[in-house]
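Now for the letters of each chain:
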Amino acid sequence: MITKRIIPCLDVKDGKVVKGVNFEGLKEVASPIKLAEFYSSCGADELVFYDITASAEGRALFTDILRETAKTVFIPLTVGGGIRSLDDFERVLGCGADKVSVNSGAIANPELVGMAAKKYGDQCVVISADIKRVNGEYHVFAKGGREDTGMLAVPWIKRCVDEGAGEVVVNSMDTDGVKQGFDIPLLKAVCKAVKVPVIASGGAGSQADFVKLFQEIPDIDAGLAASVFHFGEISIAELKQTLRENGIVARI
Amino acid sequence: MIAIVDYGVGNLFSLHSSLKAVGAETVVTSDKAVIENAEKIILPGVGAFADAAEKLKNSGLDEVVKAEVKKGKPLMGICLGMQMLFERSFEYGEHQGLGLLKGDVVPMKGYIDESLKIPHIGWNALHFVKENPLFRYCKEGDFVYFVHSYFADRCEDSVVATADYGKPLTAAVAKGNVYGCQFHPEKSGEVGLKILKAFCEI
């Protein structure tokens, strides 16, 4: 059977990997290319590169890094950040990305998902959503979590999947950076609504959090995290072993 | 020299890089003469069958590939490129493939259990049904990366490996000098590189 995937996420700014807590206070970690090679050798099933640069120079540097990474890392690469048009899809796919993740770009222009799915295939288009509870409802946030769109998360994700998004990354802003586990209620709600792979993001603090994620939500396909991997708090190789010992199918 | 056939479908960057990583001299080309002079051919492909088959046909490279295979040159199809080796595909209608292998490409929908997600996307284990030099460096249960919604069926005479997705799905085929992988060796980490290396050495 298909294995559950473990995905390290690399937020890249000005050529360096950074990861903040609750999206603030960014701290430099390492060279993205070296880190990607390291993760690939430890058994990461996929990598997400997230471009959090705002400048044109930063964007060009990001594309160079992506190209260099794809020359030595032979696992699927998903790229997100600043994807607003089909030209942006073309730019990152041409540098070795396999999937492209859209977030604010889809909120600003919902047709982007459908256009990209038609051109590159559903499997290539990932809808990523930053979600936070507001008055007891799940709201979609835009612009790196700074702006409440007022949109309800589950209908928004469902709409993007209907348009052709082949995969969903659910990032809970409520659990992100807190390291107390994934947002199980939110993830359950999304899994119930869509039939495409769902990737859980935000909240991983220990190996047990991943075990709980996959045991409590059998439909979840992957767990994504950043800082716990970057700082060596969780070793991917050990995590995979732990998953197997708990009866979860993992690639070792 | 290995020729990766470029007929305007998909992104060949990773495939090219992975072959370089195993030390193969590789060229991405749509030039008939280059393909004719290459020692081996790789037929890649992503997207929809009909669109890809039409592009390959319009490029005229379908006949070049078939002629080279007839001369005994090793050919490997990858993903949609593997599906195109067969006689027919039933992806949105009925379409002709290259007919180098016996069998049809059919939808997973209706074949696999309804509770399973389509596309079949992610890492799955290889189960070998026949020995083949393509997998000389691999072992039973090695994981490779799949992304597909259709699969090769009625291909008993060429199937060499399957993957379990509730039911067995054709993962790799080989017959004479024609090889095919439904999965993406260029995205399957060390195992994928071993398969590419083995193809280079055939």
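**Quick look at the overall build of chain B**
In terms of regular secondary structure, chain B is built from six helices and 14 strands. For a compact globule of 202 residues, the expected C-alpha radius of gyration is about 17 Å, and chain B comes in at 15 Å, within 12% of that figure. Its C-alpha atoms give chain B principal-axis dimensions of roughly 50 × 35 × 30 Å. When burial is assessed residue by residue, chain B has 52% of its 202 residues classed as buried. Long-range pairs, those at least 24 residues apart, make up 68% of the contacts in chain B with a sequence separation of at least 6.

**Brief notes about the overall build of chain A**
Along chain A, the regular secondary structure elements total ten helices and twelve strands. For 252 residues, the compact-globule estimate of 2.2 N^0.38 gives 18 Å, and the C-alpha radius of gyration of chain A, at 17 Å, lies within 12% of that figure. For the C-alpha atoms alone, the extent of chain A along its principal axes is close to 45 × 40 × 35 Å. For chain A, with 252 residues in total, the buried portion stands at 55%. A separation of at least 24 residues holds for 65% of the contacts in chain A among residues at least 6 apart in sequence.

**Section: the nonpolar core**
Leu10(A), Leu47(A), Val100(A), Ile127(A), Ile157(A), Val168(A) and Val170(A) are the most contacted members of the largest nonpolar core, which has 83 residues in total. Beyond its immediate stretch of four places on either side in the chain, Leu10(A) contacts Val17(A), Pro32(A), Leu35(A), Ala36(A), Leu47(A), Val48(A), Phe49(A) and Tyr50(A). One finds Leu98(B), Phe135(B), Ala152(B) and Val173(B) within the second-largest nonpolar core, a separate group that totals 69 residues.

**Focus: the interface of chain A and chain B**
Between chain A and chain B, the residue contacts involve 24 residues of the former and 24 residues of the latter. When grouped by side-chain class, the residues that make up the side of chain A that touches chain B number ten nonpolar, seven polar and seven charged.

**Let's talk about the confidence of the model for chain B**
Low pLDDT means the predicted atomic positions in that stretch should not be read closely. Residues at a pLDDT of 70 or more form 100% of chain B, whose mean pLDDT is 95. Taken together, the chains of this predicted complex give a pTM of 0.93 and an interface ipTM of 0.91.

**Structural notes on the environment of Val22(B)**
Residues and elements named next belong to chain B. Within the secondary structure, Val22 sits in the loop between helix H1 (13–21) and strand E2 (26–29). On a C-alpha basis, the gap between Val22 and Gly47 in space is 26 Å, while along the polypeptide they are 25 residues apart. Ignoring anything within four residues of it in the chain, the contact list for Val22 reads Leu193, Leu196, Lys197 and Cys200.

**Digging into unusual backbone geometry**
Ile118(B) connects to Pro119(B) through a cis peptide bond whose omega is 5 degrees. Mapped onto the elements, Pro119(B) comes out in the loop between strand E7 (104–107) and strand E8 (120–125). The phi dihedral of Asp14(A) is positive, around 50 degrees, even though this residue is not glycine. Position of Asp14(A) relative to the elements: it lies in the loop between strand E1 (5–13) and strand E2 (16–21). With a phi close to 50 degrees, Tyr92(B) is a non-glycine residue in the positive phi region. Locating Tyr92(B) in the fold gives a position in the loop between strand E5 (88–89) and strand E6 (95–96).

**A closer look at the sheet that holds E2(B)**
Residues and elements named next belong to chain B. Within the open sheet, the eight strands sit side by side as E2-E1-E3-E4-E14-E13-E12-E9. Their pairing is mixed. Where the open sheet ends on each side, the last strands, each with one partner, are E2 and strand E9 (127–128). Pairing geometry for strand E3 (residues 40–43) and strand E4 (residues 75–78), over three bridges, is parallel. Note that in E4 the partner of Ile41 across the bridge is Leu75. Where helix H4 (residues 61–70) meets the sheet, it contacts strand E1 (2–5), E3, E4 and strand E14 (178–181), and its direction lies at approximately 140 degrees from that of E3.

**Section: the pairing of strand E11 (residues 198–201) of chain A**
All names here are of chain A. The alternating pattern of E11 places Val198 and Ala200 on one face and Ile199 and Ser201 on the opposite face, and all of these are buried. Note: strand E10 (residues 167–172) against E11, four bridges, orientation parallel. Pairing of Val169 across the sheet is with Ile199, part of E11. Sheet analysis places E11 next to strand E12 (residues 222–225), joined by three bridges and oriented parallel. Opposite Ser201, over in E12, you have Leu224 as the bridge partner. At this point the chain moves from E11, through helix H8 (residues 207–216), to the parallel E12, and the crossover so formed is right-handed.

**Describing the environment of Gly94(A)**
Relative to the helices and strands, Gly94(A) is located in the loop between helix H3 (86–93) and strand E6 (99–102). For the pair Gly94(A) and Thr63(A), spaced 31 residues apart in sequence, the C-alpha separation works out to 9.4 Å. Residue contacts for Gly94(A): discarding those within four places in its chain leaves Asn11(B) and Phe13(B).

**A look at helix H2 (residues 56–72) of chain A**
Helix length check: H2(A), at 17 residues, gives a terminal C-alpha distance of 25 Å against a target of 24 Å (1.5 Å per residue), a fit within 8%. If you check which residues of H2(A) are buried, you get Phe62(A), Ile65(A), Leu66(A), Thr69(A) and Ala70(A). Take H2(A) and look down its axis: the buried residues cluster within an arc of 130 degrees, on one side only. In H2(A), the exposed positions angled more than 90 degrees off the buried face are occupied by Ala56(A), Glu57(A) and Ala60(A). Buried residues along H2(A) sit against E1, helix H1 (32–42), strand E4 (47–51), strand E5 (77–80) and H3 of chain A together with H1 of chain B.

Cut-offs applied
- All residue numbers refer to position in the chain's written sequence, counted from 1.
- Ligands are numbered from 1 and chains lettered from A, in the order in which they are written.
- Reporting in this predicted model follows two pLDDT cut-offs: at least 70 for local features of residues, and 80 or more for side-chain atom pairs to be given and counted; totals over whole chains, interfaces and linings ignore these cut-offs and use all residues.
- Numbering goes from the N terminus for both helices and strands, where a helix is a DSSP run of H or I of at least four residues and a strand is a run of E of at least two.
- Based on C-alpha atoms, the radius of gyration is set beside the globule rule, defined as 2.2 Å times the residue count to the power 0.38.
- Burial is judged by counting the other C-beta atoms within 10 Å of a residue's own C-beta: 20 or more makes it buried, 12 or fewer makes it exposed, and any count in between marks it as partly exposed, with every C-beta position built from the backbone.
- By the criterion used throughout, residues are in contact when their C-beta atoms, derived from the backbone, lie within 7 Å.
- We call a set of buried Ala, Val, Leu, Ile, Met, Phe, Trp, Tyr and Cys residues a nonpolar core when their C-beta atoms link them within 7 Å.
- Ten residues, namely Ala, Val, Leu, Ile, Met, Phe, Trp, Tyr, Cys and Pro, are considered nonpolar, four, namely Asp, Glu, Lys and Arg, are considered charged, and the remaining ones, Gly among them, are considered polar.
- The quantity known as pLDDT measures the predictor's confidence residue by residue, on a range of 0 to 100.
- When DSSP finds two or more bridges between two strands, those strands count as paired.
- Only the stretch in contact is used when a helix axis is fitted, and all axes are lines through C-alpha atoms; the angle between N-to-C directions ranges over 0 to 180 degrees.
- A crossover gets the label right-handed when its path from the first strand over the helix to the second runs clockwise, viewed with the strands pointing away from the viewer.
- A helix's residues, less one, multiplied by 1.5 Å, set its expected span.
- Our arc is simply the arc of the directions from the helix axis toward the C-beta atoms.

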